[in-house]
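# Report on the structure
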Protein chains: 2
Amino acid sequence: MTLEALRAAGVWVSTTAEDIAPRLTDWRGATGGPAAALLKPASIAEVVAVVRAAGEHGVPLVPQGGRTGLVGGGLPGAEGGAWIVSLERMRAIRQVDAAGLSATVEAGVVLQALHDAAAKEGCVFPLSLGAKGSATIGGLISTNAGGVQVLRHGTMRALVLGLEAVLPDGSVLNQLGGLRKDNSGYDIKQLLIGGEGTLGIVTAATLRLVPAPAARAVAWVGLHSPAEALALLRRVRGALGEAVESFEIMPAAGLALVLRHIEGVRAPLAGAHAWHALIEVTGRGAPEAMLGEVLMAAPEVEDAVVAASDAQAAALWRLREELPEAERRDGGAIKNDVSIAVADLPAFYEAVVAVMAGAFPTLRVMAFGHLGDGNLHLNFRAPEGVDDRAWVEANRVPVRRVLHDLIADWGGSISAEHGIGTLKAAELARLGDPGKLAAMRAVKAALDPKGIMNPGKILV
Amino acid sequence: MTLEALRAAGVWVSTTAEDIAPRLTDWRGATGGPAAALLKPASIAEVVAVVRAAGEHGVPLVPQGGRTGLVGGGLPGAEGGAWIVSLERMRAIRQVDAAGLSATVEAGVVLQALHDAAAKEGCVFPLSLGAKGSATIGGLISTNAGGVQVLRHGTMRALVLGLEAVLPDGSVLNQLGGLRKDNSGYDIKQLLIGGEGTLGIVTAATLRLVPAPAARAVAWVGLHSPAEALALLRRVRGALGEAVESFEIMPAAGLALVLRHIEGVRAPLAGAHAWHALIEVTGRGAPEAMLGEVLMAAPEVEDAVVAASDAQAAALWRLREELPEAERRDGGAIKNDVSIAVADLPAFYEAVVAVMAGAFPTLRVMAFGHLGDGNLHLNFRAPEGVDDRAWVEANRVPVRRVLHDLIADWGGSISAEHGIGTLKAAELARLGDPGKLAAMRAVKAALDPKGIMNPGKILV
């Protein structure tokens, strides 16, 4: 089928620059290569028709969700001629099953919409991140998204019970449904989760829900360093166990950026602290009291506040969730998303600061993230007074190289939750485990022999 | 390399019938085809040498753990000439990290040994099953084992943080380490988990631990039917949430078998009940009191006892864990392991009883299993007074066909936790999702083009 034939068959197709241009950039302002068309299939049958047509004509397909990715995975590559496949018209929430604790939704559903639908049934979909108003389920699955509740509930991979996807040859992986256990052969859907659209297009999923917590407590803590934060994490988990839902950290400079650039926020504590932790605990009984008690007795805590209302809790969370936006408004940065064994995180952070100070003496380090997952977002800023765009452009490659070499030495990952996309593909090829890379290439060639699915992403 | 060369290189090799014969049968008494040799590599380098040698000579390799599998996955096939590769000499527990809540162990470690090592550090490896004294970590990973704590902690897949394996071409997948998040490309290790040794040999893993619970409560409940058991499950989870670790059910006939065949056990309740549930709850505070309160107020409960000591709790668990052994001693059965959406389980069970009564009027149904996971072990026994071995032999294929057709109609799985092996390979080919099967075949051909890894298992 040609584009004309797809259009005649009822598929939404546009080839105008007006429609296509906005799809060539993403949230972080990156720009992709040119695209020949934008397609918005409204059903799995239409997705199958699109994939088959692309296969016939050797057209690259670029599946697109909310364009909130951070590694270029949702943008066309330089090869040109791509069809962008937006799943935005597949946005039905097919079922929310409160008794069975699952929801079946289409790929184009925005995360916030799923949160709202689950809340109406007294449930929670336990994955949240700053981009929840734009990010779609299909994109969140394809990138195995993390966010602020991984500590307790795991990444997207742990939340996908069933999956429906169109594979590169146009066949359908039909694994929807809420089976909690299924050992009937290789778990192929795991390849689509985190596959960044290079092995197929996710069209729908059955996701795990959890009961809405009886109560929650959110605290903001001032403390001295990541090492103290880790000690506090262990103390809080030791006392409250799996009730600890989130444990985020950010430095004073991060809080300052949010206070400078985001409207309607205010500093949660009176004094100044080198580091801050945001902790959420849920559970029966009185989690505020339990959390407050632990914090009162913790020698690591310089000062702390426990939210006294939902509005206060939301205000504390806003300080954390708006940090990427505040950073973006403040100027360019070389952004990184790394992970390390949790116990190693404080020492690794010290090593980063030392190594970077040696290699790039004027560079400014901004580190924040999900301490409980060993996941740091390490963003490197231009020296004070230097034009940040030019600096980022000039230093991106050597700075990342130094960081990634350090990560490799420490046995960490160069991408904890953002994925590889185009941004880190060369570094993955350079530093990835050779056995894993060879297996990845073999799987890609086997499932997508024509190389039409999101070419240039992950594997180069 | 030949066998001689492997032996000269230090690999443990035997070609004697005395050594090989015991490796050709498994726990359920099934017998595999002939094997040319038994090899016991003691290091990953030796496993690599064995896999390369097999590749050179086109020799089928059969990885073997504790031979407690139930679908023939660990036995050589009829093709002959296989090398059985036992991982039993790779049984080091390399690290138990209580602070980081992880353990790194070799494939040959027996589950009970990991339980013991974790307990010494105040932790729990939250996967347990009746065969824990023999089943090995490599086998548990390769079959994505389930067991009695899946309700809370998930199957083996949810517990594997990192994996080391030798792929069919002799390359090494080097993904050990306790990263909680790693989105650097396809998660290839997921193919090895539940791959039943057909895509490589697992040599070691980093596994998730959980803190030892402060306290636990175990209850035995008599009730009327699976529908009442489901209502009780929802009630208990509604009241106690994720503290509910296990929720198992068995019928009166199951308890009777255990009382008849297992020494030193006794009936937990004074009266007779059509069905029984075994519930375990862990947590802070007083879980016995909380569980007792919920059970007292539950109209589904006919009678119940909450264990007053660890010894009593162990005695209740023994009634459940010895059921497969009691069944085996009582005679042959056509064993099945199916799953269904949790909410559908009671109605599905009624359908099974009705359909089987129609198709095989004298067959006896024994159903037990993991209600909270939607997982029933459905074992069909010969009519009273009929020779069970002959009956099983004659009826295995048609009985399973009827059951599997019913499962397919209900959107369930023909293998919830036991895997496919040789036993269910033909039925998977007949009833599996065509898109998934095609992708599985493509992956197998890509990673194991010579077809040396555990041939005849899963895919036929």
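The residue count restarts for each chain, going from 1 along the sequence in the order it is written. Lettering of chains starts at A and numbering of ligands starts at 1, both following the order in which they are written. Confidence filtering applies because this is a predicted model: local features only for residues at pLDDT of at least 70, side-chain atom pairs given and counted only at 80 or more, and all residues used for totals across whole chains, interfaces and linings. The side-chain values count all of the structure's non-hydrogen atoms but skip hydrogen atoms and water molecules.

### What about the overall build of chain A?
- Helix and strand assignments come from DSSP, with helices taken as H or I runs of at least 4 residues and strands as E runs of at least 2, each series counted from the N terminus. Counting its regular elements, chain A contains 17 helices and 19 strands.
- Only C-alpha atoms enter the radius of gyration, while the globule expectation follows 2.2 Å times N to the 0.38, with N the number of residues. For chain A, whose C-alpha radius of gyration is 22 Å, the value lies close to the compact-globule estimate of 23 Å for 460 residues.
- Considering only C-alpha atoms, chain A reaches an extent of 70 × 55 × 45 Å along its principal axes.
- Whether a residue is buried, partly exposed or exposed follows from its accessible area with a 1.4 Å probe, protein chains only, as a fraction of its type maximum: under 20%, in between, or over 50%, in that order. Taking all 460 residues of chain A together, 58% fall into the buried category.

### Side note on the UniProt feature "domain: FAD-binding PCMH-type" (unreviewed entry) in chain A
- UniProt positions are given in the numbering used here, feature names are shortened, and annotations may be inferred rather than shown by experiment. Per the UniProt record, the feature "domain: FAD-binding PCMH-type" (unreviewed entry) sits at residues 31–212 of chain A.
- Split by type, residues 31–212 of chain A is 23% helix and 26% strand. Its first and last C-alpha atoms lie 40 Å apart.

### Focus: the relation of the copies chain B and chain A
- When the copies are superposed, the least-squares fit takes in the C-alpha atoms of residues with a pLDDT of at least 70 in both. Superposition record for chain B on chain A: RMSD 0.0 Å, screw rotation 180°, translation along axis 0.0 Å. Accordingly, the operation relating the two chain copies is best matched by a two-fold axis.
- What makes two residues a contact is simply this: any of their non-hydrogen atoms within 4.5 Å. Comparing contact sets, 100% of the residues at the interface of chain B also lie at the interface in chain A, consistent with an isologous, same-surface contact.

### Structural notes on helix 12 (residues 310–321) of chain B
Residues and elements named next belong to chain B.
- Its 12 residues give helix 12 an end-to-end C-alpha distance of 16 Å, which sits within 8% of 16 Å, the value for a rise of 1.5 Å per residue.
- When we look at burial in helix 12, the residues that qualify are Ala-313, Leu-316, Trp-317, Leu-319 and Arg-320. In an axial view of helix 12, the angular spread of the buried residues amounts to 150°, which keeps them on one side of the axis. How far a helix is expected to stretch is found by multiplying one less than its residue total by 1.5 Å. The directions considered for the arc run from the helix axis to the C-beta atoms.

### Some details on the pairing of strand 18 (residues 364–370) of chain A
Residues and elements named next belong to chain A.
- Of all 7 residues in strand 18, 5 are buried, a share of seventy percent or more.
- Pairing between strands is defined by DSSP: at least two bridges between the two strands are required. Sheet topology places strand 18 next to strand 19 (residues 375–381); 7 bridges connect them, and they run antiparallel. Counterpart to Met-366 in the pairing with strand 19 is Asn-379.
- Between the antiparallel neighbours strand 18 and strand 19 lie 4 residues, among them Gly-374 with a positive phi of about 65°.

### As for the packing of aromatic side chains
Residue and element names in this part refer to chain A.
- Aromatic rings from Phe, Tyr and Trp, taking only the six-membered ring of Trp, are treated as a pair when their centres fall within 6.5 Å; an angle between ring planes under 30 degrees marks them as stacked, one over 60 as edge-to-face, and anything in between as tilted. Counted under the stated rule, the structure contains 4 aromatic pairs over all chains.
- Arranged with centres 5.3 Å apart and planes meeting at 85°, the rings of Trp-275 and Tyr-349 form a pair that is edge-to-face. Highlighted residues: Trp-275 in strand 14 (residues 275–283) and Tyr-349 in helix 14 (residues 345–359), separated in sequence by 74 residues.
- With relative accessibility at 8%, the residue Trp-275 sits in the buried group.
- Relative accessible area serves as the criterion here: at 12%, Tyr-349 is assigned to the buried category.
- Counting as a charge over the ring demands two things of the Lys NZ or Arg CZ atom: a distance within 6 Å of the ring centre and an angle within 35 degrees of the ring normal. One Lys or Arg, Lys-40, reaches over the ring of Trp-12 and ends 4.2 Å from the middle of that ring.
- When the ring centre of Trp-27 is taken as origin, the NZ or CZ atom of Arg-328, which lies over that ring, is 5.2 Å away.

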